[in-house]
Amino acid sequence: MSETPDKLWGGRFEKPTARRVEEFSTSLPVDRRLLREDLAGSIAHCRMLARQGIIPLDAARAILAGLAELVEQVDQLAVAQDSRWEDVHSLVEGLLRERIGEPAGWLHTARSRNDQVALDERLYTRRALADGASAILDLQAALLALARRHQDVILPGYTHLQRAQPVLLAHHLLAYVEMLSRDLGRLRDAYVRADVMPLGSGALAGAPYPLDRAYVAQLLGFSAISANSLDAVSDRDFLVEHLAALSLVAVHLSRLAEELVLWSSAEFGFVEIDDSYATGSSIMPQKKNPDVAELVRGKTGRVLGALVALLTVLKGLPLAYNRDLQEDKQGYFDAVDTVHACLELTAGMVQTLRARPERMAAAAESSFSTATDLADHLVRRGMPFRQAHHVVGQIVRACLASGRELHQLTLDELRHFSPLFDQTAVGLYATDSVRARNVPGGTAPEQVRQQLERAEGALSETRQWVQWVRERLPNLERLARAPLEAAPGVDSRAGA
Ligand code: ARG
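Attention now moves to the pattern of salt bridges. Evaluated as defined, the whole model comprises 39 salt bridges. A salt bridge links Arg 463 to Asp 138, with the nearest nitrogen and oxygen atoms 3.5 Å apart. Residue Arg 463 is located in helix H19 (residues 445-472), and its partner Asp 138 is located in helix H7 (residues 113-149); the two are separated by 325 residues in the primary sequence. Residue classification places Arg 463 among the partly exposed positions, given a relative accessible area of 36%. For Asp 138, a relative accessible area of 38% translates into the label partly exposed. A salt bridge links Asp 328 to Lys 329, with the nearest nitrogen and oxygen atoms 3.0 Å apart. This pair shows no difference in class: Asp 328 is buried, exactly as Lys 329 is. One salt-bridge network, held together by shared partners, links Glu 272, Asp 274, Asp 275, Lys 288 and Arg 354.

Between two aromatic rings, the relevant description is the distance of the centres plus the angle of the planes. One pass over the full model with this rule turns up eight aromatic pairs. Centroid distance Tyr 124 to Phe 333: 4.9 Å. Interplanar angle 65°. Geometry classified as edge-to-face. With Tyr 124 in helix H7 and Phe 333 in helix H13 (residues 329-351), this pair connects stretches of sequence that are 209 residues apart. Of the two residues, Tyr 124 and Phe 333, both sit in the buried class. Looking at Arg 12, its charged tip hangs above the ring of Phe 13, at a distance of 5.7 Å from the centre. Of note, Arg 51 hangs over the ring of Tyr 215, and the distance from its end group to the ring centre comes to 4.0 Å.

The subject of this paragraph is the nonpolar core. One finds Leu 39, Leu 143 and Leu 220 to be the most contacted residues of the largest nonpolar core, which totals 130 residues. Considering each element in turn, this core owes the most residues, 16 residues, to H7. Not counting the four nearest positions on each side in its chain, Leu 143 is found in contact with Leu 173, Tyr 176, Val 177, Leu 180, Leu 256 and Val 350. One finds Ala 371, Leu 406, Leu 409 and Ala 425 within the second-largest nonpolar core, a separate group that totals 19 residues.

Quick notes on the rules
Residues numbered from 1 in each chain as written. Predicted model: local features only at pLDDT ≥ 70, side-chain atom pairs only at ≥ 80, totals over all residues. Heavy atoms only, no water. Salt bridge = Lys/Arg side-chain N within 4 Å of Asp/Glu carboxyl O. Helix = DSSP H or I, 4+ residues; strand = E, 2+ residues; numbered from the N terminus. Buried < 20%, exposed > 50% of the residue type's maximum accessible area, 1.4 Å probe, protein only. Phe/Tyr/Trp six-rings, centres within 6.5 Å; stacked < 30°, edge-to-face > 60°. Lys NZ or Arg CZ within 6 Å of the ring centre and 35° of its normal. Core = buried A, V, L, I, M, F, W, Y, C linked by side-chain atoms within 4.5 Å. Contact = heavy atoms within 4.5 Å.

Rendered as structure tokens:
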């Protein structure tokens, strides 16, 4: 028989597990992060077992007292190195046994590590989804504040990274607010499916005890219990969905980061990144580098990798639990940490960013960015758009040859290309172009003001959702201290 203390279930074996096998198969360095969740799940399970009369009341009391002690020490235990245990579940059971002895053995009644780990991960995911949503809201607030401060500022909008048509800076920033709003929608959607309580599924087939699964769900703030035990112990869709949502967040942050890298370059000069968010060069004294933005862009690769890695783990698995599933956590936790940090740092960078409106305006007024407006002028005077496009193309070619901008052309010069031009086509500036795009979703100041207001309203609605989730998450300390509830009709002091 094994001599190692973590052999809580070594009866079947003649020899201990090989040291290298233990090292190979342990998940504690990764899943110790689920300690609070494992304790919460264990407390809820024990309360239910006692309430249903499935385990002796005195054993339940001893277990709860022991678990409450672990809860008090949870911060130290979460970082303590203890290689005796294979995973966070055996750690909790083992530490409990060290504290209360034999009664600890009752806790695992009607429970398997398979439904236990699914529960822990779902609890963790619910919290992480709320944290991620909150971090997105902070970034959105930073973008909205920057947009509000610069409501009249115009810059060139780009396609193919070529100056295309002028847009309001606020409109540009609000595009990211929109992306992030969809990200929030995806996180909230993922929450609905993570919010299902799997305990009671046992190893795979359920448990032969009169469990009150709804009571466990209620103690832990879940909205529903799982419908199929085989599915519940082997489903990691909720992690995939969270990772997919985080992947899109990372992609959106990466795009914004890329723009900040471009915009802060001497070539663009549209913004200045605050010194506190920039770094110097070890050799070139003049350098101020946008490393934070570059790292946000670069870290995206790891996040996308975690999504693909988990999908790959899942794709060939027969029902139900397989140990492969243990590989679901490392990339997931890393992706959560990474994206949350990227959100926080990007928000800080945006909060401290200095826009350079004069540089943006100068760029918007050059490179013929009002050419489409000139064509639209002809369309409004009866010329089909395709023909107008051709006429203005010729004007641009002429301007390129003579080194002039469209707004410098006189009426006579314009009329040389088409007699339909009138005085209102002369001296067309970026502001005129922007003001003209007064359709819903367009860049006209009136439209952008409405966008801003809608986005600010959505922010407070989502903050309420985050609050709602936080209130439903189990409070570990309170859960540990609450008096033991007896089964309906049974005196809880019996046997005390
Ligand atoms: N460490 C395991 C995991 O993360 C816990 C479940 C282990 N279950 C088992 N039957 N070996 O998946």
